[in-house]
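The chain contents come next:
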Amino acid sequence: VADRATPPADELPPAVPDLPRRVRVPYVWILPIIVVITGAFLAVREKLAEGTSIEISFHTADDLEPNKTKISYKAVEIGEVKEIHVSKDRKEVIVEARIHRNVRDYLVQDTRFWVVRPRVTGANISGLGTLVSGAYIGVDVGHSTVPEDHFTGLEVPPIVTSGLPGREYILHASDIGSLSIGSTVFYRHIPAGQVVAYSLDPGGASVTVKVFINSPYDKFVTQETRFWQASGVDMSINSEGVKLHTESLASILEGGVAFQAPKESASGDSTSRDSTSTAEMAEDTSFKLYSDQERATREADTVAETFILYFQGSLRGLSVGAPVDLRGINIGEVKRLSVEYDRVAGVLRFPVEVDIFPQRIRSRARASGAKGTELDMGGHTMIDSMVAHGMRAALKDGNLLTGQKYVAVDVVKGAPAENVAWDEHPPIFPTASGGLDELTDSIGSIAKKLDKVPFDQISNHLITTMATLDQTLKSTDRLMRNVDASIAPQVTATLKEAQDAMKNAKEALSEGGSLNNDLGDTLLQLSRAAKSLGALADYLERHPEALIRGKPTDPR
Amino acid sequence: MSASVTGESLGLLVCTRCRATLRAIAAAGQRCPRCHSPVHLRRPHSIATTASLVITAALLYIPANVLPVMRTHTFFSDEDDTIMSGVISLAHSGSWPVALLVFFASIVVPLLKLIALSEILIAVTRKSVRQPQQRSRLFRLVEFVGRWSMLDVFAMSLLVALVQIQSLATVQVRPAALAFAGVVVLTMLAAQSFDERLLWDTQTRG
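A few points on the structure.

## Description of the overall build of chain B
Secondary structure summary: chain B contains eight helices and eight strands in total. When each of the 206 residues of chain B is scored for burial, the buried share is 40%. For chain B, long-range pairs separated by at least 24 residues make up 66% of all intrachain contacts whose partners lie at least 6 apart in sequence. Surface accessibility of chain B: about 11500 Å² in total, with carbon and sulfur atoms responsible for 66%.

Here's what the structure looks like:
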């Protein structure tokens, strides 16, 4: 090492000069610039793509998670829940969410939000997928054009989302029955729609139910369409017997509404059906929701004439809604039963208020173009004439088993003349007793007739008849005695002669008797004669010529 | 110690390729007469290059930690994880050693590297005379650690390749992974582009 002394610096080779490089800012400075620009670009883009911030209020934040719960429209993600906090008044939960920029125009006033989570109701199960994937917020985009960023979330998913073809109608009912949101609406037992909403009317006396009829079926909703509750099992016991009616198993579980037009319109002939009655009804038209099908299809009658009936007998078995029957045709129903005290007469009276639907009594006059209700317009005269002919209302036993009664209107023969008290309000229609009363009545009339029978005269006649009969018998007796005395001996003699004659005959005919022997001989000769006649015939057959030539002599 | 003789002070330089010792000449560019590679007393623009790389790495360090680095898509959920959230969930699940390893390798070490390099750069530009030995040791540590910093990226690339059970579970790389890899690579390059001799120049001049 010592030998290899370090050479002096001057002996070292010098560096070779190189081409001078362009002095420049080192290129690496581009790197931070690129990063900054890229970062800024990404940040701006992110900011822009971040979308709009909206607030949705819910009753509870159940199943919702910030930065996790998605907002989906038709299963396409359009945003995400960013933050959840309780509102200032601590009544609800405010969910802050970001909606993607490109779907900002979805955020209009009537856009609806709801949480999709597993739900099990009477007849359907929904949102099962969210069991594993977790809940999400569903969106139904509204039609409004007014932008909005504060929404009130629905607690239950809407039945009908916008864009679903069909129409909404409003039904008015006295009570909700077993209907609930989502209950099916049936048209001829086909599920045709659903109950969308219901609310109590401001007065609290009735309810309004909103139904949505899906597209192909909404055209069957016409002016004459009736809606009725098809909820559960409809069982009725009335004067017509026991009736059980139900729409479908699902409707038993969660109720339902059915609709249909009455089979034949109350206005009568198809020719008189104007186009308005078959035209489809516009959205949000109001209908009455009847409590059952019978009522719905029956109450085609817009005009009802009210009458008061005073019956003599007990009203037990007669109920409100019982039919008023005209020879089997239902023309009305009992509206009210009550008791009133008549001060003048000092008696209790039982007025039965009935509604008669004059439209059910079609008159010939209608066809000729006369308008108005028959009972009303000139109807007084019609009813008066009918009453004059003995038309009376009577209580009849509809069903002996249940004891239900109905009001029968019919012509009662021999009814005492009565009039309709038109001045009363409502007018009083004359009645007749029926049923058991009728029975007692007829027994009474039988008794009356029996009363009229002239039993005294009859017995007098009988007595004289008996006397005459006695005399007759006596004369007969006398006659017999005469017969005994005069005719009997002759008869005895005649009989004796006859007996003798018979005896002679018997002798003559007996074995060995003369007559018998003679007869035997005669028969023998007759037999011989016949035999020779036979031989003759035989010969003549073989020798017919013998008739002419005579019997030839025997050649022998 | 403070007045040591250096190649520069003697007007000598060494070819970094073939190790020939040469006399420096006064020219804009010099070349090794033996291997013809460019030679210089000090690497040109060393501080500027290193500084730019460190700044870039520092910028990338922000998205690398803020943005999600990985998306775990399972049947039940989609989950985005940043490095820190990954560390926390690891810690919550009880794997403390792994959590610590990831925490140090992915968060602490890159950060310390950036701080160390910045400190060295500042010291050099300010021509600080104190503790050049410690800075030198620090620099060598940074250089050494650099090659291990890709642990995270490596682990993630393994995960992404392995966990690809469609619809049941997939792992996707998110942009932060790129940023993170950028941080690691850039700090390594920064360490490489720094001319360590600059640390000692103050000693001779002072």
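That covers the picture; the talk isn't over yet.
## Remarks on the packing of helix α3 (residues 83-92) of chain B against helix α4 (residues 96-125) of chain B
All names here are of chain B. The contact between α3 and α4 brings their axes to 8 Å, and the two run at 165°. As summarised for this structure, α3 and α4 are arranged roughly antiparallel, according to the angle between their axes. The interaxial crossing formed by α3 with α4 has left-handed handedness. Residues I83, M84, V87, L90 and A91 of α3 touch α4, and the partners they reach there are W96, V98, A99, V102, F103, S106 and I107. When grouped by side-chain class, the residues that make up the contact of α3 with α4 number eleven nonpolar, one polar and no charged.

## Focus on the interface of chain A and chain B
Facing 23 residues of chain A, the contacting portion of chain B comprises 28 residues. Interface area for chain A against chain B, summed over the two sides, is near 2200 Å², with a carbon-plus-sulfur share of 70%. Taken together, chain A and chain B are joined by zero salt bridges. Applying the counting criterion to the chain A and chain B interface returns zero residue pairs in polar contact (both at pLDDT 80 or more). The element that contributes the greatest number of residues to the side of chain A that touches chain B is helix α1 (residues 30-49) of chain A, accounting for four residues. Split into classes, the residues belonging to the side of chain A that touches chain B amount to 17 nonpolar, one polar and five charged.

## Re the pattern of salt bridges
All names here are of chain A. For the structure on display, the rule yields 20 salt bridges over all chains. A salt bridge links R336 to E353, with the nearest nitrogen and oxygen atoms 3.0 Å apart. Taken together, the positions of R336 in strand β22 (residues 329-337) and E353 in strand β25 (residues 351-356) put the pair 17 residues apart, joining distant regions of the chain. Notably, a salt bridge pairs R481 with D477, separated by 3.2 Å at the nearest N-O pair. Residue R481 and its partner D477 are located together in helix α10 (residues 455-509), separated by four residues, close to a single helical turn. Accessibility expressed as a relative area gives 54% for R481, which makes it exposed. One salt-bridge network, in which partners are shared between bridges, spans K335, R336, E353 and D355.

## Things to note about the environment of P14 of chain A
Following the sequence through the fold, P14 of chain A ends up in the segment before β1 (16-18). Beyond its immediate sequence surroundings of up to four residues, P14 of chain A is in contact with R23, I25 and P33 of chain B.

## Describing the environment of L178 of chain B
Residues and elements named next belong to chain B. Structurally, the position occupied by L178 is in helix α7 (residues 175-193). Judged by relative accessible area, L178 falls into the exposed class, the value being 68%. Sequence-wise, L178 and A64 are 114 residues apart; in three dimensions their C-alpha atoms are separated by 7.6 Å.

## A closer look at a nonpolar patch on the surface
Residue and element names in this part refer to chain A. Taken together, the side chains of V233, M235, I237, V242, L244, L249 and I252 present a nonpolar region at the surface, about 710 Å² in accessible area. When residues of the nonpolar patch are traced back to their parent elements, those giving at least two are β16 (233-238), β17 (241-246) and α4 (249-254). Residue placement: L244 occurs in strand β17. Using a relative accessible area of 60% as the deciding quantity, one classes L244 as exposed.

Rules used throughout
Here the residue index of a chain counts from 1 through its sequence in written order. Chain A is the first chain written and ligand 1 is the first ligand written, with later ones labelled in order. Under the rules for a predicted model, residues below a pLDDT of 70 receive no local features and side-chain atom pairs below 80 are neither given nor counted, while totals for whole chains, interfaces and linings still include all residues. Values shown for side chains rest on all heavy atoms present in the structure; no hydrogens or waters enter the calculation. Numbering of helices and strands runs from the N terminus; a helix is a DSSP stretch of H or I covering at least four residues, while a strand is a stretch of E covering at least two. Throughout this description, buried means an accessible area under 20% of the type-specific maximum (1.4 Å probe, protein chains only), exposed means over 50%, and partly exposed covers the range between. The contact definition used throughout considers only heavy atoms, calling two residues in contact when any of these lie within 4.5 Å. To be clear on the numbers: accessible area is Shrake-Rupley with a 1.4 Å probe, and residue cover counts the displayed protein chains and nothing else. Comment: axis = line fitted to C-alpha atoms, over the contacting stretch for helices; angle = value between 0 and 180 degrees taken between N-to-C directions. Here the angle decides the label: under 35 degrees means roughly parallel, over 145 means roughly antiparallel, 65 to 115 means roughly perpendicular, and every other value means oblique. Left-handed describes a crossing whose near helix is turned anticlockwise from the far helix through less than a right angle; right-handed describes the clockwise counterpart. Only Asp, Glu, Lys and Arg are considered charged in this grouping, and only Ala, Val, Leu, Ile, Met, Phe, Trp, Tyr, Cys and Pro are considered nonpolar; every other residue, Gly among them, is considered polar. Once two parts are put together, the accessible area they lose, assessed with a 1.4 Å probe and summed over both, is termed the buried area. Any Lys or Arg side-chain nitrogen located within 4 Å of an Asp or Glu carboxyl oxygen qualifies as a salt bridge. The definition of a polar contact used here is a pair of N or O atoms within 3.5 Å, where within protein one atom must be able to donate a hydrogen and the other to accept one, and adjacent residues in sequence count solely through side-chain atom pairs. Only residues whose relative accessible area exceeds 30% and that form no salt bridge are eligible for patches; like-charged ones are grouped when within 9 Å, while nonpolar side chains (Val, Leu, Ile, Met, Phe, Trp, Tyr) are grouped when within 5 Å.

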